[in-house]
Each structure stands twice: as C-alpha cells, then as structure tokens.
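Structural overview
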Amino acid sequence: MENTNIFISITEAVRDGDSYDIAELVQSSLDSGNDPYKVFNAMIVGLEKCGKLFEEREFFLPDLIMAGEAFTTGMEVVEPHLAQTSIGQAGKVLLGTVAGDVHDIGKNLVGFLLKSAGFQVIDIGTDNDTDKFTRAVKEHQPDVLGMSALLTTTMLGMEDVIKTMDKGGLRKKTKVIIGGGPVSKRFAKEIGADAYASDAVEGVKKIKELIGR
Ligand code: B12
C-alpha cells in the first residue's frame, strides 16, 4: 500500500478500535520499509481522534476501550522495532499510574522510550495508591519515580505519594517526575515534584537531567 494511505488506515484502525486489522496493517507498513516511529505516530493520531470524537459525544466509552485495545495490539507489533539494547545503563526508573486511574497508554510509551534510551524500567501498572508506590520505591530504589494521571480527579493522589516519600526519607535517592493530560508544570511545582513533562520525549530528557547524566 502507498505510504500515506497505510498511515491513514493505521490511524483509522486505532480510532475505530479495529483490533483485528491493526496488527496486519502495522506489520505490512513495517515490511514495506516505513519508519517505525511514523507508524507509531499514526497510531497516536488515531487515539487523539478517538478522544476528540468522545469529547464531541460522537463516540462513547466502549469506543474508547476499543481504541485503547487496538492501540495496544498495534504497539505489540511495532515495539520490537523501536526498542534497543544496553538496558539499565542509563539509570533505573519506576513507573506507575495513580490510584483510581486505569489509563496506561501514555505511561507505557514513556517506559518504552526510556528502555530505548538504555534505562531499566520497572512498571507497576495502573491504580497504585500511596502505599503501593512507596513500597515499590523502597523495594527497587529507583533513581526516578514517574507517576502518570489522566483524570483531574486522580491526579490529586500524586501529592500524597510525594509527601509520604518525603516523610519516609525516600526522596534523597529518588527524584519524582509527573505526567499525563491534566497535570502541568505549575501543578508539579505546587505538589513538590522535581519535574513535569508534557510528552514521552520530553520525559526522557527531563529524567536524564534529573539523574544528571
Ligand atoms: C484511551 C482512553 C481511555 C481508555 C484507557 C485505556 C488504557 N489502557 O489506557 C479507557 C476506555 C479505559 C478510558 C476510561 C476512562 N476515561 Co479515558 N481516555 C482515553 C483517551 C481517548 C486517550 C488517552 C491516551 O491514551 N492518550 C494517548 C497517550 C499517548 O497520551 P497521554 O496519556 O496523555 O500520555 C502522554 C503524555 O501525557 C505524557 N505522559 C503520560 N503519563 C506520563 C508519565 C510520566 C512520568 C511522564 C514523564 C509523561 C507522561 O507522555 C505520554 C506520551 O507522550 C483520552 C482522551 C485524550 N485525548 O487523551 C480519554 C480521557 C483521558 N478519558 C477520560 C475519562 C472521563 C474516562 C472515564 C472516566 C470515562 C467514564 N465515564 O467512565 C474512564 C476512567 C477509567 C479510570 N478509572 O481510569 C477523560 C478525562 C477527563 C478529565 N480531564 O478528567 C478523557 C480526557 C476523555 C475526555 N475528553 O473526556 N479512557
């Protein structure tokens, strides 16, 4: 298929939650020599379109779920083409989504770009309360904790994690970065996080700065 057309088809397959066709489309796009990062971008555009249609009330919750699943299916095909070796050399990062929040696509992207940049990534998944975060920080002693939130209600849980880490002396070793749609640089400052990033690329850059490498 001609390049532009296949990118459009990939975008549409994610937008429409087409988990059956997405893997084949992504594979055939890679087979025809397309840049994996462009394939990956075409999938993100599909999610953004789905989100917009949800906001416009043309799409509903099942559409969001299906788009998320199609995105994840496509990621399974594209991810091996993006990841690199030398894992763990750059530092250790613990990632998780906050309590009450199951959004993990953005967090997974951050994790995946960090791995590509040589970081060891420990991902504790979604719906983590303060106790889960602090226990994981104690156990793994990461250089950086990255918290993700996609809901205006759940982002508030980040402050409690930071305060509890402060009290337990856990921030001497571990810096904290936050991200996700509703959070901002200002919010990060308010709750005492060390950094904020608006996307995965900026996230990797900020994490490198935090570690001082
Ligand atoms: C997919 C999706 C879902 C899927 C999630 C599937 C999954 N496995 O993640 C499902 C269907 C489960 C879902 C459920 C809900 N969702 Co939803 N969802 C979305 C959607 C369409 C896309 C999110 C996404 O993945 N974006 C793509 C990724 C790549 O972007 P990102 O997450 O922002 O991440 C990037 C940056 O933010 C940053 N980043 C993110 N995390 C981190 C962390 C660190 C450390 C760093 C450095 C950077 C970083 O880097 C990422 C990559 O560049 C958005 C709409 C939108 N436009 O965002 C709504 C959206 C987030 N959902 C919304 C809502 C309301 C819900 C529900 C409450 C719906 C309902 N009524 O039940 C539930 C809540 C479930 C829960 N308890 O969590 C609202 C949130 C509104 C708000 N401001 O609070 C949104 C904005 C839709 C809308 N416009 O109304 N959703």
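These numbers come from a predicted model, not from an experiment.

Basis of the calculations
Residues numbered from 1 in each chain as written. Predicted model: local features only at pLDDT ≥ 70, side-chain atom pairs only at ≥ 80, totals over all residues. Heavy atoms only, no water. Buried < 20%, exposed > 50% of the residue type's maximum accessible area, 1.4 Å probe, protein only. Helix = DSSP H or I, 4+ residues; strand = E, 2+ residues; numbered from the N terminus. Pairing = 2+ DSSP bridges. Donors = N, O, S within 2.8 Å, 3.2 Å for Na, K, Ca; no water.

Some remarks on the pairing of strand β1 (residues 91–97)
For β1, a buried count of 6 out of 7 residues is recorded, marking the element as mostly surrounded by other parts of the structure. When β1 meets strand β2 (residues 119–123), the two strands line up parallel, connected through 5 bridges. Looking at β2, one finds that glycine 91 is bridged to phenylalanine 119. In the sheet, β1 pairs with strand β3 (residues 144–148) via 5 bridges, with the strands oriented parallel. Looking at the pairing, glycine 96 lines up with methionine 147 of β3.

Focus: the coordination of the cobalt atom of the ligand
Looking at the protein side alone, the cobalt atom of the ligand has one donor only, His103 (NE2), at 2.3 Å. Relative to the elements of secondary structure, histidine 103 occurs in the loop between β1 and α5 (105–116).

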